Amino acid sequence: MNDEGVISGKNGTSHAGSMLRRLLAIIGKWTIGFWQWPVLFISDAVAVIWQSLRPITWRRSIRAEFLRQCQQVGAQALPFILVAGVFVGFGLVAQAYHWLTVFGSTRLFGGFLSAILVREIAPVLVGLIVIGRSGSTLLVELGTMKTAGQVHMLDAQGIDPFLYLVVPRVLAFSICMFSLTTAFVAVALLAGFFSGVLIGITQFYFFDFLGRAIGSMGWQTYVLFALKTVTIGFAIALISCRTAVSLTGVSANVLDIMPRGFALSALATLIISIALTILF
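Enquirer: Describe helix α9 (residues 258-279), listing the residues and the values that go with them.
Expert: For α9, spanning 22 residues, the distance from its first C-alpha to its last is 31 Å, which sits close to the expected 32 Å at 1.5 Å a residue. Those residues of α9 not exposed but buried are Gly 261, Ser 265, Ala 266, Ala 268, Thr 269, Ile 272, Ser 273 and Leu 276. Buried residues of α9, seen end-on, are gathered within an arc of 160° and therefore sit on one face of the element. Turned more than 90 degrees from where α9 packs its buried face, Pro 259, Ile 274 and Ile 278 sit exposed.

Rendered as structure tokens:
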């Protein structure tokens, strides 16, 4: 009986130890999976910045790829941005001035545009448009190259896929995001002014309108605007590249990664916007 009790006690202790090890293994696996993606993202971001500052990186093929991405992300998306800016201008700028006039607070008009349109709405809205139009294209393009083996083919030919595929796309997205958002704000202000003139709620000249809108923006607003747009474009491109490259196997479906890539990019856009707003 004593031996059986000892054996039973040992089995119970062994079972409890096994349960504890499994629990720790689950916690460890979850922790590694949770932190692996942010660590890889940060390392890729640092690598992109470092490689972009090296003159040797900008060989002719990479310059050509960078210009092609600027054409696709910036020039081809400009009509969509201008149309969106017109609608936002009609809906936001004119109405803001109308209601501020009703409450006798037109002196707050410039500060309102600075706080709402330039600082918050424009970077996020343009970011979502860039995600839907250019981010999805980037996911499909790189995902197809990965599943078709073209990424490995570039590596076999002595071409660094990171330098050729990732660096020019990330930098093109960053620059084009800033340019597109600037165009969006300019068109929104113009549309807001002319819509106010047409419906009779704007009672001052265009340069007075522009002075109220831009004159109230301090240097913090300009710094925040540039930082937000460049960072959001950088994050969208890098997330799309990393999501596409994560595909494995020739049977992988590129369309399966599109919802995840869109959701991660949109979430990153909102987080960056909120974080930078809090900091500034």
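Enquirer: Tell me about the pattern of salt bridges, and name the residues and values.
Expert: Taken as a whole and assessed by the stated rule, the structure comprises six salt bridges. Ionic pairing is found between Arg 68 and Glu 65, a salt bridge with its closest N-O pair at 2.7 Å. Highlighted residues: Arg 68 and Glu 65, both in helix α2 (residues 60-75), separated by three residues, approximately one helical turn. Residue Arg 68 is classed as partly exposed on the basis of its relative accessible area, which comes to 37%. Between Arg 169 and Glu 141 there is a salt bridge, with its nearest N and O atoms 3.0 Å apart. In this pair, Arg 169 sits in helix α6 (residues 161-199) while Glu 141 sits in helix α4 (residues 109-147), placing the two residues 28 residues apart along the sequence. A relative accessible area of 23% places Glu 141 in the partly exposed class.

Enquirer: A description of the nonpolar core should follow, citing residues and the corresponding values.
Expert: Ranked by size, the top nonpolar core spans 59 residues in total, and within it Val 48, Leu 117, Phe 184 and Leu 238 carry the most contacts. When residues of this core are traced back to their parent elements, those giving at least two are α1 (2-52), α2, α3 (78-102), α4, α5 (150-156), α6, α8 (219-245) and α9. The greatest single-element share of this core, amounting to 15 residues, is contributed by α6. Beyond its immediate chain neighbours, meaning those up to four positions away, Phe 184 contacts Ile 81, Ala 84, Gly 85, Val 88, Leu 117, Ala 122, Leu 125 and Val 126.

Rules and cut-offs
Residue indices follow the written sequence of each chain, beginning from 1 at its first position. Given that this is a predicted model, residues contribute local features only at a pLDDT of at least 70 and side-chain atom pairs are listed and counted only at 80 or more, while totals for whole chains, interfaces and linings are drawn from all residues. Side-chain calculation: all heavy atoms of the structure are included, whereas hydrogens and water are not. Comment: elements are numbered from the N terminus, with helices defined as DSSP H or I runs of at least four residues and strands as E runs of at least two. Expected helix span is given by 1.5 Å per residue-to-residue step, counting one fewer step than there are residues. Each residue is assigned to one of three classes by its accessible area relative to the maximum for its type, calculated with a 1.4 Å probe on protein chains only: buried under 20%, partly exposed between the two thresholds, exposed over 50%. In this description, one arc is meant: the one made by directions from the helix axis to the C-beta atoms. Every case where a carboxyl oxygen of Asp or Glu lies within 4 Å of a side-chain nitrogen of Lys or Arg is listed as a salt bridge. We call a set of buried Ala, Val, Leu, Ile, Met, Phe, Trp, Tyr and Cys residues a nonpolar core when their side-chain atoms join them within 4.5 Å. By definition, residues are in contact when any of their heavy atoms lie within 4.5 Å.

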